[in-house]
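Report on the structure
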Amino acid sequence: MKLLRPEIDTDPIQEKFAQARRELSAAIIERDEEIDLALTALIANEHLLLVGPPGCGKSLLLDSLLSWTGGTKFSILLTKFTVPEECFGPVSLSALKEDRYVRVTTGKLPEADYVFTDEVFKASSAILNTLLRILNERVYDAGDGITRKVPLKLCVGASNEWPSSETGKELSALFDRFTLRRAVSLIRSQAGRQKLLWTRNHAPKFTTTISPEEVEKARRAAASLPWSNEAKAALEAILRELAKEGVQPGDRRQFKTVGVVQAFAYLCGADEVQPEHLEVAQNCLWDDPTEQPQKVAQVIAKIANPTGMRVTQLLLETEQVISSCDVRNLTDAAKAAAKLSEIDKQLAGLRGNGRLDQARTYLKEQLRKLKLASIEAI
Ligand SMILES: Nc1ncnc2c1ncn2[C@@H]1O[C@H](COP(=O)(O)OP(=O)(O)OP(=O)(O)O)[C@@H](O)[C@H]1O
Ligand SMILES: [Mg+2]
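It should be emphasised that the depicted structure is a prediction, and the values quoted were computed from it without experimental measurement.

The local shell around ligand 1 holds 15 residues, among which Ile 29, Gly 55, Lys 58, Ser 59 and Leu 60 are the closest. In the model, an oxygen atom of ligand 1 is placed 3.1 Å from a nitrogen or oxygen of the Cys 56 main chain. Gly 57 places a polar main-chain atom, nitrogen or oxygen, 3.2 Å from an oxygen atom of ligand 1. For ligand 1, whose unbound accessible area comes to 640 Å², protein coverage reaches 73%. Element by element, the count of residues in the shell around ligand 1 is highest for helix H3 (residues 58-68), at three residues. A class-by-class count of the residues in the shell around ligand 1 yields eight nonpolar, five polar and two charged.

Given below as structure tokens:
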């Protein structure tokens, strides 16, 4: 008799994303949230901006993401001296001879599936206007008056600072084109710092690649994920609460957030959007980078209480306990061990999330080290 096995319905593209997520996370230190965001941006086809101090791994992550994707890519480090030719291609000399002004875009931004703009806010006005149109409407006019669709799926941008509130209209508009925006901080944990120092190559080793066609399939699958009633209610409640606190992201931003959350749910392997997945919305639902991101994170944590945010918070507390403990002082070490055990209990009470198991392993390791160090100190 043939044994009946339950059909396990795995989407091979979703599995590829999960694999890339693991491989990126194994190589790049303390960037799990940024990795999730980069993969979500890719699935949602929404542009991503990372802002952080020099050398915090922004380029490492964004270059790694683009090295995983197939398709045509274009990267540029923008300065105020960068000329439009470098982004959009030179003006065709043969066309000029016939009194036509048209750019040859071969190998340049208008022909790329994926674009990395480093120091994006340094772009001059001459570049900004065209860039804005490409990012938003995904069309380009090479000079001949014909507006053509560009293949662009994703633009990732990096910068050392947020544009200031006094920046001109163009820069504010550019800032708004990035649906996903996140501040990146330096490595916090001691274990992370050791890995940074003593691993000489931090580039991830991918065992797969992903073609633009597969990304498109992922985008469609994510866009058709249904929302649970709880998740819908939570998003609406979050927006109401934010409005009360004076945070009112524009209608386009709110609308796009829905797609971003679906993309994140797809990345998490879900077949329905749950309140849990609203975690990612902390990177979309604000306009002013000075105070609003924190407010948004608090409101989302309060209303949707996503596991991922709890894990991040508990890991931060873990680092604080470790860094403020003197292991040679036995009372101090015992207190720290008790606090770590308490954090572990809280982690154990959370529902499954990709980062949860990793966090618990890390915490147990820290507890073991702490005990060993205090035994040695006796
Ligand atoms: N979180 C991290 N994980 C692994 N390696 C890191 C990390 N942060 C920095 N590094 C190491 O530092 C190098 C420099 O980082 P990277 O060039 O990505 O910084 P950046 O944020 O792009 O800086 P800049 O703003 O100057 O462009 C990386 O190639 C890597 O070796
Ligand atoms: Mg860089």
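After that view of the structure, there is still more to cover.
Another point: the packing of helix H2 (residues 32-44) against H3. The contact between H2 and H3 brings their axes to 11 Å, and the two run at 40°. Judged by the inter-axis angle, H2 sits oblique to H3. The chirality of how H2 crosses H3 is right-handed. Residues Glu 34, Ile 35, Ala 38, Leu 39 and Leu 42 of H2 touch H3, and the partners they reach there are Leu 61, Leu 65 and Trp 68. In the contact of H2 with H3, the residues fall into seven nonpolar, no polar and one charged.

Now for the environment of Arg 219. The residue Arg 219 is located in helix H9 (residues 212-223) in this model. On a C-alpha basis, the gap between Arg 219 and Ala 44 in space is 5.7 Å, while along the polypeptide they are 175 residues apart. Only 2.8 Å separates the side chain of Arg 219 from the side chain of Glu 216, close enough to count as a polar contact.

It is worth spelling out helix H6 (residues 125-137) at this point. Taking 1.5 Å per residue as the helical rise, H6 with its 13 residues ought to reach 18 Å, and the 18 Å between its terminal C-alpha atoms agrees with that figure. Along H6, the residues classified as buried are Ile 127, Leu 128, Leu 131, Leu 132, Ile 134 and Leu 135. Check the buried side of H6 and you find it contacts helix H4 (84-88), strand E4 (139-141), strand E6 (154-159) and helix H7 (169-177). Directly beyond the C-terminal end of H6, a positive phi value near 55° is found at Arg 138.

Right, let's get into the domain arrangement of the protein. Here the domain parsing of the protein yields domain 1 (12-198), domain 2 (225-305) and domain 3 (309-377). Inter-centroid distance (C-alpha atoms) of domain 1 to domain 3 is 37 Å. Opposite the eight residues of domain 1 that make contact, domain 3 presents nine residues. Across the domain 1/domain 3 interface, buried area totals approximately 660 Å², and carbon plus sulfur atoms make up 46% of it. Linking domain 1 with domain 3 are zero salt bridges, by the criterion used here. Across the contact surface, domain 1 and domain 3 share two residue pairs in polar contact (both at pLDDT 80 or more).

With that settled, consider the packing of aromatic side chains. The relative placement of two aromatic rings is captured by the distance of their centres and the angle of their planes. This model, assessed by the stated rule, comprises eight aromatic pairs. Plain terms: the ring middles of Trp 162 and Phe 175 are 5.8 Å apart, the flat faces sit at 70° to each other, and that makes the pair edge-to-face. One end of the pair, Trp 162, is in the loop between E6 and H7; the other, Phe 175, is in helix H7, with 13 residues separating them in the sequence. With a relative accessible area of 22%, Trp 162 lands in the partly exposed category.

Here we take up the environment of Ala 263. Position of Ala 263 among the secondary structure elements: in helix H11 (residues 251-267). Classification of Ala 263 by relative accessible area gives buried; the value is 1%. It is 9.3 Å that separates the C-alpha atoms of Ala 263 and His 277, two residues lying 14 residues apart in sequence. Not counting chain neighbours up to four residues away, the residues in contact with Ala 263 comprise Thr 40, Ile 43, Ala 44 and Ala 222.

In this structure, Asn 45 takes a positive phi of about 60° despite not being glycine. One can find Asn 45 in the loop between H2 and strand E1 (48-51). The backbone of Asn 305 sits at a positive phi, close to 40°, despite the residue not being glycine. Under the relative-accessibility criterion, Asn 305 is labelled partly exposed at 44%.

Next up on the list: the sheet that holds E1. Within a sheet, neighbouring strands are paired by backbone hydrogen bonds and run either parallel or antiparallel to one another. With respect to topology, five strands assemble into an open sheet ordered E2-E3-E6-E1-E7, the strand pairing being parallel. Sheet topology places strand E2 (73-77) and strand E7 (180-183) at the edges, where each strand pairs with a single neighbour. Pairs of neighbouring strands in the sheet enclose a mean axial angle of 10°, with direction left out of account. Sheet analysis places strand E3 (residues 114-118) next to E6, joined by five bridges and oriented parallel. Bridge assignment links Thr 117 to a residue of E6, and that residue is Gly 157.

Basis of the calculations
- Residues numbered from 1 in each chain as written.
- Chains lettered and ligands numbered in written order.
- Predicted model: local features only at pLDDT ≥ 70, side-chain atom pairs only at ≥ 80, totals over all residues.
- Heavy atoms only, no water.
- Near = heavy atom within 4 Å.
- Polar contact = N/O pair within 3.5 Å; in protein donor to acceptor, adjacent residues only side chain to side chain.
- Areas by Shrake-Rupley, 256 points an atom, 1.4 Å probe, with all protein chains shown as cover.
- Helix = DSSP H or I, 4+ residues; strand = E, 2+ residues; numbered from the N terminus.
- Nonpolar A, V, L, I, M, F, W, Y, C, P; charged D, E, K, R; others polar.
- Axes fitted to C-alpha atoms, helices over the stretch in contact; angles between N-to-C directions.
- Parallel < 35°, antiparallel > 145°, perpendicular 65-115°, else oblique.
- Left-handed = near helix turned anticlockwise from the far one by under 90°.
- Contact = heavy atoms within 4.5 Å.
- Expected span 1.5 Å × (residues − 1).
- Buried < 20%, exposed > 50% of the residue type's maximum accessible area, 1.4 Å probe, protein only.
- Domains from an automatic or database assignment.
- Buried area = accessible area lost by both parts, 1.4 Å probe.
- Salt bridge = Lys/Arg side-chain N within 4 Å of Asp/Glu carboxyl O.
- Phe/Tyr/Trp six-rings, centres within 6.5 Å; stacked < 30°, edge-to-face > 60°.
- Pairing = 2+ DSSP bridges.

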